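# Structural features, examined
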Amino acid sequence: MGNCFQGGEMDPEEREARNNSKIIERNIRDEHEEFSSIIRILLLGTGDAGKSTFAKQMKVVYKEGFTDSELNKFKVVCRQNAIDTILTILMHCENENIDLSKERKRIDKIQNCEALTPSIASDISKLWNNKALVKEFYTSRDIIQVTSSAAYYLEHAKRFSKEDFIPNTEDILRAKMRTTGIHETQWVCQSTNFQLIDVGGQRSERRKWLHCFDNVTSVIFLCALDEYNLVCRTCGIVALLTKYRY
């Protein structure tokens with residue numbers, strides 16, 4: 001019985017199943033070896049903590065920069081950053097009754113604009129030279145709560161508005177765009193593979209964090225140090241840094 005069992009021919013279906021099993025096992029082993037060779041870094045932090053800026057810096061340092069598609073995307077972002085910044089400052093000035101009556105025509109044009117044209121950029125630059133507006137901006141910056149690159153956007157509005165404008169590295173690093181979903185950046189440093197996982201920091205995005213912890217090598221949690229003296233916009237009382245507890 002023993003000899004007959006050992007020497008009997010294998011059923012074709014059984015042979016195929018065994019071969020498939022070996023292939024699957026080999027693929028799993030290869031994938032595991034490849035997976036184990038990658039250092040996976042999960043980047044966490046609240047909104048505006050600088051996670052995406054950190055990810056962009058890794059691209060600049062360890063990769064070949066940004067693709068044409070990314071440059072076109074950041075071109076739009078830079079232009080919108082300039083418009084959003086001046087609108088936020090103007091809204092604050094109106095709420096605080098800052099006298100900008102001589103700038104009424106420019107303000108109306110900006111408040112009703114749909115894009116950063118050279119004409120709108122010129123108006124923004126002239127407003128940025130208004131002493132009352134600039135003084136209020138720097139005096140009440142903690143109340144206005146614009147991004148730390150606000151002055152940069154306004155100083156470079158004319159350049160952003162040009163038809164042939166192509167964002168440079170500093171423009172891209174300073175560009176502010178809300179991150180939604182999960183974004184991965186991969187690079188090689190000294191023969192070691194790295195994968196950086198960037199997730200949105202807003203409360204609505206944090207439920208996605210849990211799915212990113214599998215097989216992570218390390219976690220980097222970023223905080224925005226320039227928020228040390230800011231308060232929550234909704235209540236105006238609670239320190240903004242307390243949001244890192246949740």
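The rules we used
Residues numbered from 1 in each chain as written. Predicted model: local features only at pLDDT ≥ 70, side-chain atom pairs only at ≥ 80, totals over all residues. Heavy atoms only, no water. Helix = DSSP H or I, 4+ residues; strand = E, 2+ residues; numbered from the N terminus. Buried < 20%, exposed > 50% of the residue type's maximum accessible area, 1.4 Å probe, protein only. Contact = heavy atoms within 4.5 Å. Areas by Shrake-Rupley, 256 points an atom, 1.4 Å probe, with all protein chains shown as cover. Pairing = 2+ DSSP bridges. pLDDT = per-residue confidence, 0-100. Axes fitted to C-alpha atoms, helices over the stretch in contact; angles between N-to-C directions. Core = buried A, V, L, I, M, F, W, Y, C linked by side-chain atoms within 4.5 Å. Salt bridge = Lys/Arg side-chain N within 4 Å of Asp/Glu carboxyl O.

A separate point is the overall build of the protein chain. Within the protein chain, the regular secondary structure consists of 11 helices and 4 strands. Counting every position in the protein chain, which comprises 246 residues, the buried fraction comes to 36%. For the protein chain, restricting intrachain contacts to residue pairs at least 6 apart in sequence, the fraction spanning at least 24 positions comes to 63%. By element, 51% of the accessible surface of the protein chain is carried by carbon and sulfur atoms, the whole surface being about 15900 Å².

Turning our attention to the pairing of strand β2 (residues 182-189). Taken together, the 8 bridges between β2 and strand β3 (residues 192-199) define a ladder with antiparallel strand orientation. Along β3, the bridge assignment pairs Cys-189 with Thr-192. Remark: 2 residues form the turn of the hairpin made by β2 and β3, two consecutive strands paired antiparallel; Gln-190 in that turn has positive phi of roughly 50°.

Next up on the list: the confidence of the model for the protein chain. In the predicted model, the protein chain carries a mean pLDDT of 82, and the fraction of residues at 70 or more is 78%. Mean pLDDT values for the elements of the protein chain range from 48 in helix α1 (residues 2-7) up to 97 in helix α10 (residues 157-161).

Let's shift gears to the sheet that holds strand β4 (residues 218-222). Pairing within the open sheet is mixed, and its 4 strands lie in the order β2-β3-β1-β4. The strands lining the two open edges of the sheet, one partner per strand, are β2 and β4. Along the sheet, successive strands turn relative to each other by an average axial angle of 25°, direction set aside. Here 6 bridges tie strand β1 (residues 38-45) to β3, and the two strands are oriented parallel to one another. Directly across from Ile-38, in β3, lies its bridge partner Asn-193.

One finds Leu-90, Leu-116, Ile-124 and Phe-160 to be the most contacted residues of the largest nonpolar core, which totals 35 residues. Looking at this core, the elements that each hand over two or more residues are α4 (68-95), α5 (104-111), α6 (118-128), α7 (131-139), α9 (150-155) and α10. Considering each element in turn, this core owes the most residues, 10 residues, to α4. Setting aside its immediate chain neighbours within four residues, Ile-124 contacts Ala-82, Ile-86, Ile-110, Leu-116, Leu-154 and Ala-157. Among the nonpolar cores identified, the runner-up in size contains 9 residues, and Leu-43, Ala-49, Ala-55 and Phe-194 belong to it.

Residues Ile-120, Ala-121, Asp-123, Ile-124, Ser-125, Leu-127 and Trp-128 constitute the buried set of α6. Those residues of α6 that are buried are in contact with α4, α5, α7, α9 and α10.

This part takes up the pattern of salt bridges. Under the defined criterion, the tally for this structure stands at 8 salt bridges. The salt bridge partner of Arg-104 is Glu-94, with a shortest N-O separation of 3.7 Å. Taken together, the positions of Arg-104 in helix α5 and Glu-94 in helix α4 put the pair 10 residues apart, joining distant regions of the chain. Residue class for Glu-94 comes out partly exposed when judged on its relative accessible area of 41%. We note a salt bridge from Lys-109 to Asp-123, for which the minimum N-O separation is 2.9 Å. With Lys-109 in helix α5 and Asp-123 in helix α6, this residue pair connects regions lying 14 residues apart in the sequence. The exposure class assigned to Lys-109 is partly exposed, which follows from its relative accessible area of 38%. Classification of Asp-123 by relative accessible area gives buried; the value is 7%. One continuous salt-bridge network, built from bridges that share partners, spans Glu-103, Arg-106, Lys-109 and Asp-123.

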